Amino acid sequence: MGKIRHSAHWGAFTAETRDGRVVGVAPFASDPHPAPILQAMPEALYHHCRVAEPMVRAGWLESGRNSDRAGRGKERFVPVSWEKALTLVGDELARVKAAHGNAAIFGGSYGWSSAGRFHHAKTQLQRFLNCHGGFTAQVHSYSIAAGLAILPHILGDIQGIRNVTSWRDIRDNTQLLVAFGGIGTKNPQVQPGGSGEHSTQFWLRRLKAAGMAVVSVAPLRGDTADFLDAQWLAPRPNTDVAMMLGIAHTLVAEDRHDRAFLARYCIGFERFEAYLMGTDDGQPKDAGWAAGITGIDAEILRTLARRMADSRTMITTSYALQRGDHGEQPFWMTVTLAAVLGQIGLPGGGFGFGYGSMQAQGNAVEPIASPDLPAGTNPTRSFIPVARIADMLLNPGAPYDFNGQRRTYPDIKLIYWCGGNPFHHHQDINRLISAWRRPETIIVHEPWWTATARHADIVLPATTTLERNDIGASSGDRFIIAMQQAVPPVGGARNDYDIFSAIAERLGIGENFTEGRDEREWLRHLYDVARQQAARRQIEMPDFDTFWADGHIEIPPPATHNVLYAGFRADPAANPLKTPSGLIEIFSQTIDGFGYDDCPGHPTWLEPVEWLGAVGDYPLHLISQQPATRLHAQMDCASVSRDSKIQGREPISLNPADGAARGIAAGDIVRVFNARGEILAGVILDDGVREGVVCLATGAWYDPAEPGRIGSLDKHGNPNVLTLDRGTSRLAQGPIAHSALVEIERFEGPAPEITAFTGPNAQG
Ligand SMILES: Nc1nc2c(c(=O)[nH]1)N[C@H]1C(S)=C(S)[C@@H](COP(=O)(O)OP(=O)(O)OC[C@H]3O[C@@H](n4cnc5c(=O)[nH]c(N)nc54)[C@H](O)[C@@H]3O)O[C@H]1N2
Ligand SMILES: Nc1nc2c(c(=O)[nH]1)N[C@H]1C(S)=C(S)[C@@H](COP(=O)(O)OP(=O)(O)OC[C@H]3O[C@@H](n4cnc5c(=O)[nH]c(N)nc54)[C@H](O)[C@@H]3O)O[C@H]1N2
Ligand SMILES: [Mo]
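Note that the coordinates shown come from a computational prediction; the quantities given were computed from them, not determined experimentally.

Draft legend 1. Structural detail: the site of ligand 1. The local shell around ligand 1 holds 33 residues, among which H425, E446, D496, Q634 and N720 are the closest. Backbone polar atom of W112 to an oxygen atom of ligand 1: 2.9 Å apart, as the coordinates give it. A distance of 2.7 Å separates a nitrogen atom of ligand 1 from a polar atom in the side chain of D496. For ligand 1, whose unbound accessible area comes to 920 Å², protein coverage reaches 98%.

Draft legend 2. Focus on empty space enclosed by the protein. Applying the stated criterion across every chain yields a total of one cavity of 30 Å³ or more. Its boundaries defined by the atoms lining it, the largest cavity holds a volume of some 30 Å³. Taken together, N421, F423, H424, A451, A633, A700, W701, Y702 and N718 make up the full set of residues lining the largest cavity. Across the lining of the largest cavity, the residue classes break down as six nonpolar, three polar and no charged. Counting the residues that make up the lining of the largest cavity, at least three belong to each of domain 1 (50-140 + 372-466 + 492-516) and domain 3 (606-764).

Draft legend 3. Broad picture of the packing of helix α9 (residues 240-253) against helix α13 (residues 298-310). The N-to-C vectors of α9 and α13 enclose an angle of 65°; their axes lie 9 Å apart at closest approach. Here α9 runs over α13; the crossing is right-handed. Contacts between α9 and α13 pair M243, I247, T250 and L251 from the former with L301, R302, L304, A305, M308 and A309 from the latter. Of the residues contributing to the contact of α9 with α13, the split by class is eight nonpolar, one polar and one charged.

Draft legend 4. Main features of the sheet that holds strand β22 (residues 552-554). Spatial strand order, β20-β21-β22: three strands in an open sheet with antiparallel pairing. At either end of the open sheet lies a strand with only one pairing partner, and these are β20 (470-472) and β22. Across the sheet, the mean angle from the axis of one strand to that of its neighbour is 15°, orientation sign disregarded. Pairing of β20 with strand β21 (residues 479-483), which is carried by three bridges, proceeds in the antiparallel orientation. Bridge pairing links D470 to M483 in β21.

Draft legend 5. Inspection of the layout of surface pockets at higher detail. Of the volumes computed, that of the second largest pocket is approximately 1,500 Å³. As for the second largest pocket, its lining consists of 50 residues, and the residues nearest its centre are R162, Q191, P192, S474 and S475. Among the elements of the structure, α4 (121-131), β7 (137-139) and α6 (159-162) are those that each provide at least two residues to the lining of the second largest pocket. Taken together, the residues of the lining of the second largest pocket sort by class into 21 nonpolar, 24 polar and five charged. Both domain 1 (50-140 + 372-466 + 492-516) and domain 2 (150-366 + 563-594) contribute no fewer than three residues apiece to the lining of the second largest pocket.

Draft legend 6. Summary view of the nonpolar core. Within the largest apolar cluster, 208 residues are counted, with the highest numbers of intra-cluster contacts made by F128, F351, Y416 and I584. Excluding residues within four positions of it along the chain, I584 makes contact with I154, L155, F261, Y265, C266, I267, V335, I344, F568 and L577.

Draft legend 7. Spotlight on the site of ligand 2. In the neighbourhood of ligand 2, 30 residues make up the surrounding shell, with D223, N238, D240, R323 and S357 lying closest. In the model, a nitrogen atom of ligand 2 is placed 3.4 Å from a nitrogen or oxygen of the Q189 side chain. Note that a nitrogen atom of ligand 2 is positioned 2.7 Å from one of the side-chain N or O atoms of D240. Compared with its free state, where it exposes 910 Å², ligand 2 has 98% of that area covered by protein. No fewer than three residues from each of domain 2 (150-366 + 563-594) and domain 3 (606-764) sit in the shell around ligand 2.

How each quantity is defined
Residues numbered from 1 in each chain as written. Chains lettered and ligands numbered in written order. Predicted model: local features only at pLDDT ≥ 70, side-chain atom pairs only at ≥ 80, totals over all residues. Heavy atoms only, no water. Near = heavy atom within 4 Å. Polar contact = N/O pair within 3.5 Å; in protein donor to acceptor, adjacent residues only side chain to side chain. Areas by Shrake-Rupley, 256 points an atom, 1.4 Å probe, with all protein chains shown as cover. 1 Å grid on protein atoms, 1.4 Å probe; cavity = no way out; pocket = protein on both sides within 12 Å on 5 of 7 lines; lining within 4 Å. Points joined across faces, edges and corners; volume = space filled by probe spheres on them. Nonpolar A, V, L, I, M, F, W, Y, C, P; charged D, E, K, R; others polar. Domains from an automatic or database assignment. Axes fitted to C-alpha atoms, helices over the stretch in contact; angles between N-to-C directions. Helix = DSSP H or I, 4+ residues; strand = E, 2+ residues; numbered from the N terminus. Left-handed = near helix turned anticlockwise from the far one by under 90°. Contact = heavy atoms within 4.5 Å. Pairing = 2+ DSSP bridges. Core = buried A, V, L, I, M, F, W, Y, C linked by side-chain atoms within 4.5 Å. Buried < 20%, exposed > 50% of the residue type's maximum accessible area, 1.4 Å probe, protein only.

Shown next as structure tokens:
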């Protein structure tokens, strides 16, 4: 029996080994609320859908760049030796670079990879491609693209996401928490880089004990932890901006707004006020107007507005709200509503994004640097906004707008993905499949036969985190975890680092890429850099050998806690915001100057492209939230996730009234469809789902009934077959997964077998 210290995005743990195999996992001893997801790891590690050896799509092996690309996702794969695979990849990278330049190589490789900071797959790839002369990158994230683009314009930085008011200040001061998108314990299972303690539930229970009241604004009652006894308000999805406007209007009309705060700390309130009160367009955005859009009674909105003004109120808005059409607006309007209340910068007041979206939000930690692998610099400077990948592949050379820039899509010949799963994360998978046929070559490193691996030309089997040594750390967590190798590589898998080192050697950039270090030397080096940085902040870390022998470091929480923008509030002249005015920009001259009708100069209610206010053939709003039983599509093959399925399909929750209207019962298999595609799912009836809404978590592995055919039925329930691939606006170009209408019906006849977890050669 061995006990090996390790960590994952879902928390630190100990792996138990016997006879060279992982036989169990136990959470880190000091973790008060370990994530159930952790228990999937041993099964996933040895699952038969691990990629066992390097594999090349038959057509590509035969014809290379001239292959029939419609064979992707359909053709058989041929096993090749590592020697052959590495030569194929190296030669192809050299060819594309010479023939088309480095910008023709797409290495954005968006995705969560694993928690270790050295073997972080995407960073490994990008470091390698930078040594090779660069690549086309992706900026921002699927998580929070609209937020990352809009906040710097209105607040000068992204502290509202990265450095929110600490839980302790909320417990001690907040009387009312208004949570748009809810606040629960499902999503804080996870933190990029991992966490030594899951503290969100710990704190939520203390907030409740301290007497704080919660209003949960969400389509799902379960979005907010039931022990909070929240008041549940369920507006139509994507109408939160109208709701916030209705609240702001009440505050101004009843003279409950904080004029002094608006005058001293904000710019442009007058322009916004003219819109809010309707003096510019004749339409006051009052509670009655908001009721018509949101479906929430006007009196409820007025009462809530008064309560917010009379209390120390914290507004939190989950990331989910900005993953909808015009997703910039809910974030801008959150800040504006908090400014109208005048509590920004006060303990327990104001706003903060994503409490409950990610584990570390609200944690008080010392700002120590995590031991990240440097990715180097990209000489091409070529990039796209993260979610515009299909647009880019389909429209090389086409112009588009992004955050005030007029840009042009590059012409991609080769895609290299390492540590992400676009056939999980991207919207409108049928459109992605046609775009995916454009490049000449697609290379993927994956531990498992995900849909992305199945749609590649060359698949290299990567180790998982348990098969190598690493360091787990997150800037939001006060633990640093030694991730010690538990078992040798499974099958023929190799570390991404070793794969890139071998290709780099072939390309003559070996020394550049490795700097002459092996795994252990890199860990020591990255740790020492972080240790030196910590020392400059008077934080002592033990030497590497002590850290490694102990298995972790715990850094005490800081004596002082953070209150978002307290310094600015205390002295706005000495601590101006990094906006053009130095103030909170309720009206932004910069954004107004872009002239975007889909993102005007102040927060505005803009109708989403698809929503319950304008239904046609597809009358139900699909919410594809993050899954409770896995991280995105990771470990969907293991029982923790599969036990949640219904007749093997991803569960879809709907209101019993919507079920009854369609003759659908709990446990049925249904066809969920719209003009973009169709999937099967298994029914849960739940009166905690707003009428007119259906909820199907993201992450079921795409499983086409007819592999390779655009428009095939997905047997398993990947919501991105149904979502819309369009940017939030010309400002952020973020993904809009949460704006999609669908219809559902009972699926009659025998349900087709699930084949997502078999690997590509099992069928036919
Ligand atoms: N409809 C809908 N779509 C969404 C969302 C939604 O809410 N609804 N959410 C969006 C959001 S917020 C996000 S962040 C994205 C997430 O999208 P992704 O981050 O792409 O999803 P993951 O499933 O985490 O993919 C990570 C992949 O890395 C692989 N991997 C893990 N470790 C290693 C390694 O060491 N080496 C290599 N080579 N590979 C490794 C895993 O097997 C997995 O396939 O999805 C987005 N898509
Ligand atoms: N267990 C688990 N935890 C995770 C992840 C995971 O895959 N699994 N992924 C992690 C990642 S990458 C991210 S980015 C975060 C994301 O964190 P979030 O974006 O907060 O997560 P979601 O689950 O997509 O959405 C939360 C809830 O918002 C509600 N919602 C959606 N649209 C609207 C709307 O228009 N209005 C209102 N009022 N509510 C709406 C939905 O009911 C949904 O359940 O989660 C992280 N945590
Ligand atoms: Mo995310």
